Amino acid sequence: MTTQRRLALAWAFIVCLLLGHNAWLWLGQRIVPDTDILALLPAGERDPVLQQSFTHMVDSAQQRVVVLVGAPGWNDAVRAADAYAAVLHPHGALLRQDAVGDEAQAGWLAGLQPHATLLLAAADEAALRSRPAGEWTQDALARLYNAFSGPKLGAFRDDPFGLFANWMQERAGETPVRPREGRLFVAGEGRQYVLLTYTLAPSAFSLAAQRELVPLLDRATAAAHGALPAAEVIQAGVVLHAAAAGRQASGEVETIGVGSLLGIVLLTWLTFRSVKPITLVLLAIGIGFLGALSVCWLLFGRIHLLTLVFGASLIGVAQDYGFYFLCHRLGADARLDSPALLRRLLPGLGLTLLAAVIGYLGLALTPFPGLRHMAVFSALGLAFAWLTVVCWFPLLIGPRTLRAGWLVRRVHVAAARWPRLSARPPALATVALLAAIAAVGCARLGTNDDIRSLQSSPAHLVQDQIKLGRLLDAPTPVQYYLVRGASPEQVLQREEALKQRLDPLVAQGELRGVQALSNWVPSARTQARRLAALDTTLLAADGPLAALAQAVGEDDAWAEATRAQLRGRAAPLTPDAFLRTPASEPWRHLWLGEVDGVYASIVALRGMRYAAIPALARAADGIDGVQWVDKVRGISALLGRYRTYMGAVVLGAYVLVFAVLYPRYRGRTWRVLAPTAAASVLTLAVLGLTGQGLQLFHVLALMLLLGVGVDYGIFIQEDADKRDVAPWLAVGLSAASTLLSFGLLALSGTPALHAFGLTMLLGTALVWLAAPCFTITEKERHDTPVAA
């Protein structure tokens, strides 16, 4: 048995294992593509507390679906909302409606009653220090006898001065939502809305949950419109954005993958006039895809949906090795058997794989888990496709298997007429013109690292999210304060110091308020200060409480009993105790607890004006443990830093590839790299001339372009001294296929993939046009032979 047959059998055994593993994965539904867009965000945060705070803010909303059903009149809004809720009610296992109404409010109050005396509104706490005792007595009498004197929670004796009621009213001011007839109500922009909040049971990024939920919400919306055609339904939730991204990515997998395959099939037929080469090329691509899928699943335990989108574009690259062998088999002497031909081509094939893997693994140097998965997936896919060509193609393609097709004749004509780089005036003028275009374009090239430019959610979802946030006065999850301390008490004290700094900005209208756990749980120091103030004022033996008893005809025993009751409702309140109460449910995301040896919390901002961001950032200055977090600017700045860093990596990769190629090509090495380098510069110039800002994903594409473009340079230079048309044909087929795959990727609705694909589209086309221009002259054929 020959060595080639042993390789073929060994590879057949490995492929059988791959097929079995993929069958186990797919038939057992163990592969559920991840649609979490956060997987594409930087994960290499050096500050675990900061990373946890952002995750906490996002996770708090991840499983929520918030719906506003509105109409000009309240009764119409209720009718439409009831029709909407009726559709969802039977599906409580998927989407559970949050409790509202009198029972929920009673649960809130019950959990806070033991601490009610220590919960004071800011105005009441200030009044304890300055207000005359007689005014407190008069206000208490007004509350007792006047039905319009303010909210009353429980019996008069529980809260004679209305302190707890005032505090609850202050807390209610943190949201415009109010209870009304057993429902939640908010008004704005000329309409009245019923607020419906739901909690999603499965993960918002579960494809199965998305497929079930989105049609259900569509039916609920249709029911609301059926009950009231003029009803307005506003829906928001992470699951809606994830579902839209999933639909878009799934469609792109089909478009890019099928489009690339059809293009490759057509090109192969026009070249070889046979089904067999098409079958073999598809076989190599299929094994590459399945092998990459299996190994990535074993390495990472999951596959991101965008990895599959990017992997679909791998089809346009993995066929290069098959085309290289097939084109040489087509033009080789029939007396040369295929294993011997492979041995002759193996050095060039090995260098093309190495250069391509260097390009792909450049993606793995980024801080983005999603991109690292794409890099490993692509590098593995190329390796499996390459091994398929090396192990199987020589035995499956004989010397007389292939026939030249229509495309081969056209390549012969083009090769004879293609211009070469030389010192002749026309060539020099062309080079000078291209250099001038490159200089002008690169000079106009700006940068755009704003993470918001990568937003790809449908416009109606973004508009609904903005409107709902405006109506509910919801804080932004990407700009907030992170407060740290050695203990929960220190965190609460620092929150209180921060809120004092922010009070002037609230008064100036720069923001409408803050959401913080210290609004609900004062620090122990503040609670002790309040109790001391109450003891010397309202609860004093000769204070307003005694005067109130006389005014209502009660004796000292009544006053003493009331005093004891109020003191009995002054148990110290801690964050842990509060978080166990039903009232804490909307605010639990603000408390991080202990993270990496410190305690931390979040102070969120309501109604923040964008122009106030610099003042808000300065408000944290000088307060120990308080940090202003602007995740949008932070990620944008990180994208900018990595754009610069990856630019340096691209230059370093050129040096590395040059070092890898030099032992074989010696003085011709520059000719292998020059087409790709020139195409990269001209691509940047085109981006500059068209007004596009340079992003990290453009630079990542230039890294990949190096790996792909060097293949073409190697193909051309390997046979430059043989006057063979086979390398021209291989370059043409490979480039055309890559253009198909990455050209379709440029049509992606995902901005990151669009930028990546557009760069590859321009760069690959330019390398294809430029590589033949760098073929060697007659003199160089004799002076610089390729090393064996």
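Residues numbered from 1 in each chain as written. Predicted model: local features only at pLDDT ≥ 70, side-chain atom pairs only at ≥ 80, totals over all residues. Heavy atoms only, no water.

A. Inspection of a nonpolar patch on the surface at higher detail. On the surface, a nonpolar cluster with roughly 420 Å² of combined accessible area is contributed by Leu 421, Val 431, Phe 658, Tyr 662 and Trp 670. Along the chain, Leu 421 turns up in the loop between helix 16 (406-417) and helix 17 (425-444). (Patch = residues over 30% accessible without salt bridge, like charges linked within 9 Å, V, L, I, M, F, W, Y side chains within 5 Å. Areas by Shrake-Rupley, 256 points an atom, 1.4 Å probe, with all protein chains shown as cover. Salt bridge = Lys/Arg side-chain N within 4 Å of Asp/Glu carboxyl O. Helix = DSSP H or I, 4+ residues; strand = E, 2+ residues; numbered from the N terminus.)

B. Structural detail: the pattern of salt bridges. Within the structure shown, the criterion is met by 19 salt bridges. One salt bridge connects Glu 232 with Arg 191, and the closest N-O pair in it is separated by 3.5 Å. Of this pair, Glu 232 sits in strand 6 (residues 232-236) while Arg 191 is found in strand 5 (residues 191-200), placing the two residues 41 residues apart along the sequence. The buried category is assigned to Glu 232, whose relative accessible area is 18%. Residue Arg 606 is joined to Asp 473 by a salt bridge in which the shortest nitrogen-to-oxygen separation is 2.5 Å. Of this pair, Arg 606 sits in strand 10 (residues 598-606) while Asp 473 sits in the loop between helix 18 (459-472) and strand 7 (479-485), and the two are 133 residues apart along the sequence. Of the two residues, Arg 606 and Asp 473, both sit in the buried class. Salt bridges linked by common partners bring Glu 189, Arg 191, Glu 232, Lys 467 and Arg 470 together as one network. (Buried < 20%, exposed > 50% of the residue type's maximum accessible area, 1.4 Å probe, protein only.)

C. Molecular detail of helix 27 (residues 696-718). Along its 23 residues, helix 27 runs 33 Å from first to last C-alpha, staying within 8% of the 33 Å computed at 1.5 Å per residue. Taken as a whole, helix 27 carries its principal kink of about 25 degrees at Leu 705. Taken across its 23 residues, helix 27 has 23 buried, putting it largely inside the fold. (Expected span 1.5 Å × (residues − 1). Bend = angle between axes of the 7 residues up to and from the residue.)

D. Geometry of the packing of aromatic side chains. On inspection of all chains with the given rule, the structure shows 16 aromatic pairs. Measuring from ring centre to ring centre gives 6.3 Å for Trp 136 and Phe 161, while their planes differ by 90 degrees; the resulting arrangement is edge-to-face. In this pair, Trp 136 is assigned in helix 6 (residues 133-145) and Phe 161 in the loop between helix 6 and helix 7 (163-172), connecting sequence segments 25 residues apart. An angle of 35 degrees between the planes, with centres 5.6 Å apart, marks the rings of Trp 520 and Trp 587 as tilted. Of the two residues, Trp 520 is situated in the loop between strand 8 (513-515) and helix 20 (524-536) and Trp 587 in the loop between helix 23 (575-579) and strand 9 (591-595); the sequence distance between them amounts to 67 residues. Using a relative accessible area of 2% as the deciding quantity, one classes Trp 520 as buried. (Phe/Tyr/Trp six-rings, centres within 6.5 Å; stacked < 30°, edge-to-face > 60°.)

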